[in-house]
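Take a look at the letters that make up each chain.
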Amino acid sequence: ESEITGVKVTTSTPSTSTSTPLPTSTNVVSSTGAESAGETTQLVPGENGDSLTVRLRRHAGLYKDKSYAPELKNVLLLTASNSGYLEMLTNWECFATRLGLDWMVMAMNKELQTHLGERSFLATGQEWEKAEAFNSPVGFKVISCNKLRSVLDVMRETNLDIVFSDADNVFKSDPFLPSLSLGSMIRSGKYEYIYGRKIEPGGQKIQNLNPEVYHQEPIKANTGFYYVAGGRKQNIVQRIFEVSVEWCDRRPSLDDQENFWDGLVATRNKKSTEKGYVACFRHCDSDKCQGVNESMVLNYCDMSPWEYILGCFSTESALKEPRMVSYHATHVFGWPAKKGKLQNVKLWANCDESEITGVKVTTSTPSTSTSTPLPTSTNVVSSTGAESAGETTQLVPGENGDSLTVRLRRHAGLYKDKSYAPELKNVLLLTASNSGYLEMLTNWECFATRLGLDWMVMAMNKELQTHLGERSFLATGQEWEKAEAFNSPVGFKVISCNKLRSVLDVMRETNLDIVFSDADNVFKSDPFLPSLSLGSMIRSGKYEYIYGRKIEPGGQKIQNLNPEVYHQEPIKANTGFYYVAGGRKQNIVQRIFEVSVEWCDRRPSLDDQENFWDGLVATRNKKSTEKGYVACFRHCDSDKCQGVNESMVLNYCDMSPWEYILGCFSTESALKEPRMVSYHATHVFGWPAKKGKLQNVKLWANCDESEITGV
């Protein structure tokens with residue numbers, strides 16, 4: 001946060017507040033139906049273990065700089081999301097960060113809440129992890145009504161005023177300025193509820209909106225962006241939200257907007273003898289409630305639809321509206337369509353969470369560990385048959401003569417800028433090559449450089465290792481200097497199995513997590529963003545192995561891939577791009593790689609892919625009495641390993657084949673896939689053919705090593 005606020009954060013003494021946490025939400029049900037009794041809305045403590053109440057109050061004030069608008073010190077900005085909506089949330093948070101705002105996130109599932117940490121809390125009600133379109137039969141209604149439940153609980157607990165914004169309602173400029181309708185109305189203290197109008201149908205021009213509709217009392221309005229005064233007239237204000245929750249419970253097939261406004265209109269029509277009666281509803285500045293005790297009046301009014309523009313108005317007209325402060329991407333189904341609308345109004349940030357958190361990692365003094373260097377690779381044989389005894393994987397010292405272990409740890413973190421994603425500080429990106437494959441490696445490194453990535457190269461022969469220097473190390477096993485096609489009788493198998501040997505040695509030595517990528521698997525954009533399947537799964541900490549599917553035959557269209565294959569447990573999969581958690585469950589994780597190396601030694605005529613997956617399946621089928629037994633293999637989020645000690649479970653899952661595209665899919669179809677993040681040039685023989693495929697998908701850089709080294 002010091003990067004965002006410019007204020008150095010000092011650790012304070014933990015609070016001794018005894019405030020009651022938000023009510024326990026019992027029988028929390030995930031979107032897959034699994035029940036988890038007794039989950040509370042306060043799962044993750046804030047700094048110093050502060051209670052949720054303390055954290056909510058700390059984030060109140062709307063701005064990071066609490067001196068900026070002291071008159072708003074008791075107003076808390078909230079948004080909401082689940083894991084499936086994380087990319088949309090990140091975009092919203094990036095714009096809010098740039099405006100200096102402060103907020104909390106109502107996380108609709110535990111995975112997101114754990115991921116976001118201190119700036120979030122678990123929403124009240126049924127958990128739901130998938131992104132859901134407005135027309136979805138169940139999920140959207142669950143999520144939307146949970147927003148009402150959670151706002152009600154926050155008001156009950158804190159008595160704070162709330163501004164709630166959906167994550168697809170993005171701020172172009174400061175929405176709380178006193179010169180704007182919302183900022184002015186909040187500061188006036190006249191209104192208990194301020195909302196955005198509901199206007200139909202879609203596709204209108206904001207310039208054509210009749211000014212006479214402004215401040216007319218509505219039957220229905222939007223619930224995706226509003227202000228509610230939780231700090232005054234609590235009986236009335238909370239009762240309005242309690243009624244909306246009751247309507248949600250009675251009408252689960254309708255969303256928050258329908259239930260809130262139907263409930264409000266029903267309350268507005270109650271007689272004085274009925275339970276929950278509110279004496280008068282004053283809309284904007286009408287004279288309707290003259291003579292009524294002000295404590296029994298609910299004052300509500302609409303903010304300017306020209307400043308806070310709803311998605312019923314076209315993006316083209318919104319861009320031409322000089323008063324626009326925010327745009328709410330409504331009137332489309334599904335978050336990809338919402339993203340498209342936000343891109344059209346220039347409100348898609350293309351940023352990541354490092355811009356939000358501002359976390360910087362301080363480089364520590366190099367370790368003085370006396371741990372043993374990577375094992376000596378004896379009897380190293382070049383592809384010409386010359387023997388060189390006793391060569392090690394640590395040939396060339398790094399800067400200042402640092403050991404290979406220190407160099408590997410220095411390159412960990414996936415990005416050159418170590419403050420960019422501190423949660424990935426123990427993840428090391430590796431690729432592999434030999435001298436004959438140098439042109440392919442250079443292309444891979446150029447794209448990685450442009451994305452700001454950091455990596456190490458497993459050099460398959462000494463000549464390449466000497467050439468690359470500090471960013472490389474000599475791979476374990478037999479040296480091989482020629483580029484080899486997949487169908488070569490010996491060389492390809494030697495090279496591919498040496499990759500497994502080297503990854504195993506790096507894990508043994510460093511306990512780092514590894515992302516391995518073949519040099520013909522080229523990144524079009526950042527593959528580790530939290531919005532992508534791989535980035536999200538790595539950050540979740542749930543999986544020890546994440547892989548890409550093996551799909552046959554070649555020449556398919558990615559658009560024709562059956563979605564049902566995703567997350568099915570495989571017999572075989574690809575070993576050219578994967579993540580392995582070397583930092584936890586080392587006995588199990590290293591054993592899986594040891595078995596694959598043993599299979600390589602026994603079956604030198606087969607490559608790493610065949611040996612790894614045959615070895616994994618064989619281990620998966622072992623009995624508890626056999627050597628190398630692993631108690632359970634859990635694929636993705638199956639319930640297969642219930643009751644098994646988690647330390648004896650290997651969790652593995654596949655990354656999205658639509659994001660990380662394998663060469664079995666034609667280059668033409670890959671180019672048309674908007675989700676593509678990388679393309680792996682498989683299903684052809686020889687590097688010239690691989691180069692051709694990468695050129696076809698616009699992933700051949702035509703750069704040289706000066707772009708990589710900066711020299």
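Residues numbered from 1 in each chain as written. Predicted model: local features only at pLDDT ≥ 70, side-chain atom pairs only at ≥ 80, totals over all residues. Heavy atoms only, no water.

**Focus on the state of the cysteines**
One covalent bond between the sulfur atoms of two cysteine residues makes up a disulfide. Keep this limit in mind: For the purposes of this analysis, a disulfide is any pair of cysteine sulfur atoms at a distance within 2.5 Å. Only DSSP runs of H or I reaching four residues or more are called helices, and only runs of E reaching two or more are called strands; each is numbered from the N terminus. Between buried and exposed lies partly exposed: a residue is buried under 20% and exposed over 50% of the maximum accessible area for its type, with that area taken using a 1.4 Å probe on protein chains only.
Counted according to the given criterion, the structure contains seven disulfides. The disulfide bridge from Cys 497 ends at Cys 600, spanning 2.0 Å between sulfur atoms. With the S-S bond torsion at -80°, the cross-link from Cys 497 to Cys 600 turns out left-handed. Of this pair, Cys 497 sits in helix α15 (residues 491–510) while Cys 600 is found in helix α17 (residues 586–602), placing the two residues 103 residues apart along the sequence. Cys 600 carries the same exposure label as Cys 497, and that label is buried.

**Concerning helix α20 (residues 687–696)**
Selection rule: By definition, the arc is the one covered by directions from the helix axis to the C-beta atoms. We call two residues in contact whenever any of their non-hydrogen atoms come within 4.5 Å of each other.
When we look at burial in α20, the residues that qualify are Lys 690, Lys 693 and Leu 694. Seen along its axis, α20 keeps its buried residues to an arc of 95°; they face one direction. Where α20 is buried, its residues touch α13 (438–450), β20 (521–523), α19 (667–671) and β26 (678–680). Lys 698 sits one or two positions beyond α20 and adopts a positive phi of about 60°.

**Overview of the pattern of salt bridges**
Side-chain pairing between opposite charges can occur once the charged atoms of the two side chains come close. Applied cut-off: Any Lys or Arg side-chain nitrogen located within 4 Å of an Asp or Glu carboxyl oxygen qualifies as a salt bridge.
According to the stated counting rule, one finds 52 salt bridges in the structure shown. Between Lys 572 and Asp 614 there is a salt bridge, and its shortest N-O distance comes to 3.1 Å. Here Asp 614 lies in helix α18 (residues 608–620) and Lys 572 lies in the loop between β21 (545–549) and β22 (573–580), a separation of 42 residues in the sequence. Taking the shortest distance from any N to any O, the salt bridge between Glu 598 and Arg 591 comes out at 3.2 Å. For Arg 591, a relative accessible area of 17% translates into the label buried.

**Some details on the pairing of strand β6 (residues 161–165)**
Rule in force here: For two strands to pair, DSSP has to find at least two bridges joining them.
Here β6 lies mainly inside the structure; five of its five residues are buried. Side chains Asp 161, Val 163 and Ser 165 of β6 all project onto a buried face; the interleaved residues Ile 162 and Phe 164 project onto the opposite face, where all are buried too. In terms of strand pairing, strand β3 (residues 75–81) meets β6 through four bridges, oriented parallel. Looking at the pairing, Leu 77 lines up with Val 163 of β6.

**Here's the deal with the packing of aromatic side chains**
Cut-off, in case you're wondering: To pair, rings of Phe, Tyr and Trp, with the six-membered ring standing in for Trp, must have centres within 6.5 Å; the planes then decide the type, stacked if under 30 degrees apart, edge-to-face if over 60, and tilted in the middle.
The final tally for this structure, using the stated rule, is 38 aromatic pairs. A centroid spacing of 5.1 Å and a plane angle of 25° characterise the contact between Tyr 193 and Phe 260, whose relative ring orientation is stacked. Here the residue Tyr 193 occupies a position in strand β8 (residues 193–197), and Phe 260 occupies one in helix α8 (residues 256–268), the gap between them amounting to 67 residues. A single burial state applies to Tyr 193 and to Phe 260, both of which are buried. When the centroid spacing of 5.4 Å and the interplanar angle of 35° are considered together, the rings of Tyr 545 and Tyr 578 count as tilted. Here Tyr 545, found in strand β21, pairs with Tyr 578, found in strand β22; they are 33 residues apart in sequence, far enough to count as distant. The same class applies to Tyr 545 as to Tyr 578, namely buried. Taken together, the ring pairs in this structure connect Phe 164, Tyr 193, Tyr 195, Tyr 226, Phe 241, Phe 260, Trp 261, Phe 281 and Tyr 300 into an aromatic cluster.

**Regarding the side chain of Arg 55**
Applicable threshold: Asp and Glu count as negative and Lys and Arg as positive, but His and the ends of the chain are not part of the count. In protein, a polar contact means a hydrogen-donor-capable atom and an acceptor-capable atom, both N or O and within 3.5 Å, with residues adjacent in sequence counting only if both atoms are side-chain atoms; elsewhere, any N or O pair within 3.5 Å suffices.
Assignment of secondary structure puts Arg 55 in helix α2 (residues 52–59). It is Glu 118 that comes nearest to the buried, bridge-free Arg 55 among opposite-charge side chains, at 5.0 Å. At 2.7 Å, the side chain of Arg 55 forms a polar contact with the backbone oxygen of Glu 118.

**Observations regarding the environment of Trp 306**
Structurally, the position occupied by Trp 306 is in the loop between β11 (297–302) and β12 (308–310). The exposure class of Trp 306 is buried, given its relative accessible area of 9%.

**Comments concerning the nonpolar core**
Most often, soluble globular proteins have nonpolar side chains that are buried together. We count it as follows: In this description, a nonpolar core means a group of buried Ala, Val, Leu, Ile, Met, Phe, Trp, Tyr and Cys residues linked to one another through side-chain atoms lying within 4.5 Å.
Ranked by size, the top nonpolar core spans 58 residues in total, and within it Leu 77, Phe 176, Leu 182, Ile 186 and Leu 342 carry the most contacts. Sequence-distant contacts of Phe 176, defined by excluding residues within four places in its chain, comprise Leu 62, Tyr 63, Leu 77, Leu 101, Val 163, Leu 182, Gly 183, Ile 186 and Arg 187. Within the second largest apolar cluster, 56 residues are counted, among which are Val 427, Ala 448, Leu 532 and Tyr 679.

**Thoughts on the sheet that holds β26**
Quick reminder of the rule: To get an axis, fit a line to the C-alpha atoms, keeping to the stretch in contact for a helix; angles then go from 0 to 180 degrees between the N-to-C directions.
On the basis of which strands lie adjacent, the open sheet formed by three strands has the order β20-β26-β25 and mixed pairing. Two strands in the sheet have a free side with no partner beyond their single neighbour: β20 and β25 (660–662). Neighbour to neighbour, the strand axes of the sheet diverge by 15° on average, direction disregarded. Bridge count between β25 and β26: three bridges; the pairing is parallel. When the sheet's bridge partners are listed, Tyr 660 is paired in β26 with Ser 678.

**Describing the environment of Tyr 415**
Mapping Tyr 415 onto the fold places it in the loop between α12 (404–411) and β16 (427–433). Assessed through its relative accessible area of 3%, Tyr 415 is described here as buried. Residues Tyr 415 and Thr 449 lie 34 residues apart in sequence; the distance between their C-alpha atoms is 9.3 Å.

**Details of the packing of helix α3 (residues 86–98) against helix α10 (residues 335–344)**
How we decide: Our angle categories are set so that under 35 degrees counts as roughly parallel, over 145 as roughly antiparallel, 65 to 115 as roughly perpendicular, and the remainder as oblique. Two helices crossing with the near one rotated counterclockwise from the far one by less than a right angle form a left-handed crossing, whereas a clockwise rotation gives a right-handed crossing.
The interhelical angle for the contact between α3 and α10, taken along N-to-C directions, is 25°, at an axis separation of 10 Å. It follows from the interaxial angle that α3 and α10 lie roughly parallel. In the packing of α3 onto α10, the handedness of the crossing is left-handed. Contacts between α3 and α10 involve Glu 87, Met 88 and Asn 91 from the former and Trp 335, Lys 338, Lys 339 and Leu 342 from the latter.

On their own, these measurements won't tell you what the molecule is for.
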